[in-house]
Amino acid sequence: MNWADLQEKKTNELQLTVELYGSLSATGKGHGTDGAVCAGLSALHPRHSSTMDIWAAMPRLVEKPLLSIAGEEINFQPEKDIHWLAWQMDELALPHPNTMRFRLYAENKIILEMSILSVGGGFVEKLDPKTGAKQSSAEDERIADLPHPFHTAADFVKQCTENNKTPWELVLLNQEKLGHSRQEVRAHLDAVLDTMDSCIEAGLNTEGILPGGLNVRRRAKELFKRIESGSTPEWAGNDLRPSVYAMAVNEENAAGGRVVTAPTNGSSGLIPAVFRTLKEKHNLSRETLQNGLIVASVIGALVKTHASISGAEVGCQGEVGTSCAMAAAGAVAMLGGSIQQMEQAAEMGIEHHLGMTCDPIKGLVQIPCIERNAMGAVKALNAAALALASDGSHLISLDRVLKVMKETGLDMNQKYKETSTGGLALG
Ligand code: SF4
């Protein structure tokens, strides 16, 4: 049923329920999923609304449990109407570990429903209400018409090499065909870079205890002061700067601040940390940083297509591992490496995170997540340096490692995939 049909069938009172299944339910309280649902239903936007308004949405609905959607008033009490459910929907296995269902009732009868899969990094897929299959997006269907289509990392390398194009030029040509001018794409990338930088600054300038009840103390500010005063060890090339930048971002994430999903919120610190470190060391131009982000996004898209960027699906290898691969390839791009070296750096970034579990304590994205981004940033820089010091030839391809990553994720026990029922989450 669509909204127009609803207008005809509608009687008196409308009421909405939201069902959260699987990992969304198991870690949703710690992840702030209920707050995010309330913000979305209140028509707030993750990019354009203030974080204060976003986090005020749930208390507002608790006080006045009424939504206004498309001119209709709908009853919705967050404590009663958000249902935290387990691993089956209608007695069937879930289509994805992060599944949610919205149901609209009139006079206790369901008049409209929609099931959504949260597949990582803010991406969602809808289930067809009739067939229960995933619906493809219009953009998916237009991929075949691109001037430089690629499905695998090997295709991408081949497209760049055979057409004698830089990876960012190739992506910009594809984007133009999809209706996004290069000016639009670069303006968007600029906004992403600005948000990443603001997030680092906010993290480096805030102290205190993170919310959620674990009593985790923010450390980035104090550590940065120590770096600035020269009182941190620099032996063995261990510059703490990238680690502290990553921690600054992930502390902001844990405190409900504005971050860039890269590819997810849990792994949002690593790319800003690597890019800022290289910008400072090499005085990189804005355009070079944008090009690095384009390469990083290609790697993220390849992982999303062939494995997963969801901790609930494949563990933390899909979040911090993916972010490490994205940052490593982006770093090689920004430092003038070849497309083969970019692919090699991305492969190393994933390879050395294979099997990494997701076991956040209390479902809060704090322990092990904050330090995990710090470690991932250092690994990404190392992978980039190793790739740049070689000629790009290597035995295991990025495509192969993605296949292994997916298989490893499928074999991983559910308790290590964002459920907070195993590993470090048990304390
Ligand atoms: S452990 Fe990794 S995948 Fe799990 S919530 Fe933390 S950052 Fe995300």
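Residues numbered from 1 in each chain as written. Predicted model: local features only at pLDDT ≥ 70, side-chain atom pairs only at ≥ 80, totals over all residues. Heavy atoms only, no water.

**Here we look at the pairing of strand β1 (residues 14–20)**
Basically, it comes down to this: The cut-offs for exposure are 20% and 50% of the maximum accessible area for each residue type, with area from a 1.4 Å probe on protein chains only; residues under the lower value are buried, those over the upper are exposed, and the others partly exposed. Secondary structure elements follow DSSP: runs of H or I of four or more residues count as helices, runs of E of two or more count as strands, with numbering from the N terminus. For two strands to be treated as a pair, DSSP must find at least two bridges joining them.
Along β1, six of the seven residues are buried, which leaves the element largely enclosed by surrounding structure. Where β1 and strand β7 (residues 99–106) come together, seven bridges link them in antiparallel fashion. Across the sheet, the residue bridging to L16 is L104, located in β7. Relative to strand β4 (residues 82–84), β1 runs parallel, the two being bridged by three bridges. Considered in β4, the bridge of L20 is made with W84.

**What about helix α12 (residues 241–254)?**
Residues lying three or four places apart along an α-helix face the same way, a consequence of the helix completing one turn every 3.6 residues. Formally: What a helix should span is 1.5 Å times the count of its residues minus one.
Taking 1.5 Å per residue as the helical rise, α12 with its 14 residues ought to reach 20 Å, and the 20 Å between its terminal C-alpha atoms agrees with that figure. Among the 14 residues of α12, 13 are classified as buried, and the element is accordingly described as predominantly covered. Positive backbone phi, approximately 85°, marks G256, located one or two places after α12.

**Quick word on the domain arrangement of the protein chain**
Quick reminder of the rule: All the domain ranges listed were derived from an automatic or database domain assignment. Here, two residues are considered to be in contact whenever any of their heavy atoms come within 4.5 Å of each other. As used here, buried area is the combined drop in accessible area, with a 1.4 Å probe, of two parts when they are placed together.
As assigned here, the protein chain comprises domain 1 (3–135) and domain 2 (142–426). One C-alpha centre belongs to domain 1, the other to domain 2; they are set 29 Å apart. Taken residue by residue, the interface counts 20 residues in domain 1 and 22 residues in domain 2. Carbon and sulfur atoms make up 56% of the area that domain 1 and domain 2 hide from each other, which totals about 1,500 Å².

**What to know about the site of the ligand**
Counted only if it meets this: The near set for a molecule or strand comprises every residue that places at least one heavy atom within 4 Å of it. Amino acid classes used here: Ala, Val, Leu, Ile, Met, Phe, Trp, Tyr, Cys and Pro are nonpolar; Asp, Glu, Lys and Arg are charged; the rest, including Gly, are polar.
Near the ligand, the surroundings consist of G266, C316, E319, C358, C369 and R372. In terms of residue class, the shell around the ligand is built from three nonpolar, one polar and two charged.

**Quick notes on the nonpolar core**
The cut-off we apply is this: As used here, the term nonpolar core means buried Ala, Val, Leu, Ile, Met, Phe, Trp, Tyr and Cys residues forming a set that is joined through side-chain atoms within 4.5 Å.
Membership of the largest hydrophobic core comes to 74 residues, with the highest contact counts inside it found for V274 and L398. Among the elements that take part in this core, helix α16 (residues 320–334) stands out by supplying 11 residues, more than any other. Residue contacts for L398: discarding those within four places in its chain leaves A153, I299, L302, E343, A346, E347 and I350.

**Points about the pattern of salt bridges**
What counts is decided by this rule: Any carboxyl oxygen of Asp or Glu that lies within 4 Å of a side-chain nitrogen of Lys or Arg is treated as forming a salt bridge with it.
All told, the structure shown has 22 salt bridges when counted by the stated rule. In this structure, the salt-bridge partner of D239 is K281, at a minimum N-O distance of 3.3 Å. Pair noted here: D239 is in the loop between α11 (220–228) and α12 and K281 is in helix α13 (residues 270–282), with a separation of 42 residues, a long-range link. Relative accessible area serves as the criterion here: at 17%, D239 is assigned to the buried category. A single network of salt bridges, built from pairs that share partners, joins E19, D90, R101, R103 and E113.

**Digging into the pairing of strand β9 (residues 123–126)**
With four bridges joining them, strand β8 (residues 109–120) and β9 adopt antiparallel strand pairing. If you follow L117 over to β9, its bridge partner there is E125. The antiparallel hairpin formed by β8 and β9 contains two residues in its connecting segment, where G121 sits at a positive phi of about 65°.

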